[in-house]
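# Understanding the architecture of this molecule
Here are the chains, one letter per residue:
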Amino acid sequence: MTEQKQRAKWNYEEFDEVLDEIKDEGYDKVGLQGPDGIKEELLEYASKLKEHDIEPVMIGASTFGACGIADEKAERMGADALIHVGHTRFLHPEKADMDDINVYYLPYREDRDLMGVLKEHYDEIGEDETLGLVGVTQYMDRAEEAREFLEEKGYEVVDGKTGLRTTEEGQVLGCDAGAAHNISHKVDAFVFLGSGHFHPSQVSEAGKKVYVVDPYQEHIWVEPANSLDDETRAEHARVIKHKDKKKWGIVTSSKKGQNYMMAVQIAKEKLEKHGKDVYIFVEDRIFESDYKGYGIDVYVNCACPRMTKDWQDLAFVSTQALDVLDEVEINHN
Ligand code: SF4
């Protein structure tokens, strides 16, 4: 394991800034990768590269996060660098080297009227509260404006820090609400810039309610504190249901930011301590269907932590949930 490498700048606001850097480096072939929803923009970026005599290599699969940078695929096609569109740089939680010195991150900023929603509905937020300000990267370019507005209205605002995996202050990922946890002792509640329950539920685990400034719903709604507790209880129940199974699988991903070898080792030791036969699996994208047919009913997730609740027929549990095995009687007969 080595330290993650440093570069003066990793995250860029404008494609032209990235283009200038790529031209300065003299790269003549560059990979382009991005998530669903902005594929037409990716082709526009490809056209711009061509205008500057730089050959683009398109990465076909959609990306769900900068945990899955496809720089190695681009290199295999002869590219000198990769432009990862959609997300900010991701730091490996086990401090493994992401080896991304030639990756340029261009986070996607969602063009929705977030500030309009905050200005119209801020009175949904309780009075005299000290607020922690966090959100998803699509809206964090407006965090400063949101903070100034809330302070004008009399709130005390504490800016979120970076988390274990994130490189933008206040930014939350589905797998990392460290930005909120790091300041939760200083605040009464969080203001979250973004939409959906996926990220706010993660923030709520910091033990405070979350006011979600939602530009899709066009209002502010509340995610209660610790809203993931039911999910954790369900996961423990799955482990207990399979406690007597002899064969267990451990699944990690070959994606750089989802390859958690320390977690694999911890899970393996926890299971072997209880006499289990353990099999370790690796694949780029993890689909339940690939794990049917091995005669293993229960798998431990050592890849993207937010996949745990997704499986239907087979049980899929986190490493942490294995701790309940210490509290039950196990019978392999
Ligand atoms: S939640 Fe999963 S997909 Fe998203 S950044 Fe984290 S590891 Fe990657």
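Small disclaimer: the values here were computed from a predicted structure and weren't measured.

## A word on the overall build of the protein
- A tally of regular secondary structure across the protein gives nine helices and 13 strands.
- The C-alpha atoms of the protein give 22 Å as radius of gyration, which agrees with the globular expectation for 333 residues (20 Å, within 12%).
- On the principal axes, the C-alpha backbone points of the protein span a range of 65 × 55 × 35 Å.
- Burial statistics for the protein: of 333 residues in total, 52% are counted as buried.
- Within the protein, residue pairs in contact and separated by at least 24 positions form 67% of the contacts whose partners lie at least 6 positions apart.
- Averaging the positions of the 40 positive and the 69 negative side-chain charges in the protein gives two centres separated by 6 Å.

## Comments concerning the side chain of Gln-33
- For Gln-33, the position within the fold is in strand S1 (residues 29-33).
- At a separation of 2.8 Å, a polar atom in the side chain of Gln-33 contacts the main-chain carbonyl oxygen of Gly-68.
- A distance of 3.1 Å separates a polar side-chain atom of Gln-33 from the backbone nitrogen of Ala-70.
- For Gln-33, the contacting residues outside a window of four places in its chain are Leu-42, Ile-59, Thr-63, Gly-68, Ile-69, Ala-70, Leu-82, Ile-83, His-84 and Val-85.

## Remarks on the environment of Met-262
- Looking at the secondary structure, you find Met-262 in helix H9 (residues 261-273).
- As for Met-262 and Ala-96, which are separated by 166 residues in sequence, their C-alpha atoms are 10.0 Å apart.

## Details of the packing of helix H1 (residues 15-25) against helix H2 (residues 39-51)
- At their nearest, the axes of H1 and H2 sit 11 Å apart, and the two run at 35° to each other. In this structure, H1 meets H2 at a crossing whose hand is right-handed. On H2, the residues that touch Phe-15, Asp-16 and Leu-19 of H1 are Tyr-45, Lys-48 and Leu-49.
- Taken together, the residues that form the contact of H1 with H2 break down as four nonpolar, no polar and two charged.

## Some details on the domain arrangement of the protein
- Under the domain assignment, the protein is made up of domain 1 (15-107), domain 2 (114-223) and domain 3 (231-327).
- Measuring from the centre of the C-alpha atoms in domain 2 to the corresponding centre in domain 3 gives 32 Å.

## Overview of the environment of Asn-182
- One can find Asn-182 in the loop between helix H6 (178-181) and strand S7 (189-193).
- Classification of Asn-182 by relative accessible area gives partly exposed; the value is 40%.
- Considering only alpha carbons, one finds Asn-182 and Ala-66, 116 residues apart in sequence, at a separation of 22 Å.
- Once residues within four sequence positions are removed from consideration, Asn-182 is found in contact with Lys-161 and Thr-162.

## Description of the pattern of salt bridges
- Scanning the entire structure with this criterion turns up 21 salt bridges.
- The salt bridge partner of Lys-39 is Asp-36, with a shortest N-O separation of 3.1 Å.
- Relative accessible area serves as the criterion here: at 54%, Asp-36 is assigned to the exposed category.
- For the salt bridge of Lys-209 with Glu-129, the shortest nitrogen-to-oxygen distance reads 3.7 Å. Residue Lys-209 is located in the loop between helix H7 (198-204) and strand S8 (210-214), and its partner Glu-129 is located in the loop between helix H4 (114-121) and strand S5 (130-135); the two are separated by 80 residues in the primary sequence.
- Among the ionic contacts, a cluster of salt bridges with common partners joins Glu-144, Arg-147, Glu-151 and Asp-159.

## Points about the site of the ligand
- In the vicinity of the ligand, the contacting residues are Phe-64, Cys-67, Phe-90, Gly-174, Cys-175, Gln-258 and Cys-304.
- The residue makeup of the shell around the ligand, split by class, is five nonpolar, two polar and no charged.

Rules used in this analysis
Residues numbered from 1 in each chain as written. Predicted model: local features only at pLDDT ≥ 70, side-chain atom pairs only at ≥ 80, totals over all residues. Heavy atoms only, no water. Helix = DSSP H or I, 4+ residues; strand = E, 2+ residues; numbered from the N terminus. Rg over C-alpha atoms; globule rule 2.2 N^0.38 Å. Buried < 20%, exposed > 50% of the residue type's maximum accessible area, 1.4 Å probe, protein only. Contact = heavy atoms within 4.5 Å. Lys, Arg positive; Asp, Glu negative; His and termini not counted. Charge placed at Lys NZ, Arg CZ, Asp CG, Glu CD. Polar contact = N/O pair within 3.5 Å; in protein donor to acceptor, adjacent residues only side chain to side chain. Axes fitted to C-alpha atoms, helices over the stretch in contact; angles between N-to-C directions. Left-handed = near helix turned anticlockwise from the far one by under 90°. Nonpolar A, V, L, I, M, F, W, Y, C, P; charged D, E, K, R; others polar. Domains from an automatic or database assignment. Salt bridge = Lys/Arg side-chain N within 4 Å of Asp/Glu carboxyl O. Near = heavy atom within 4 Å.

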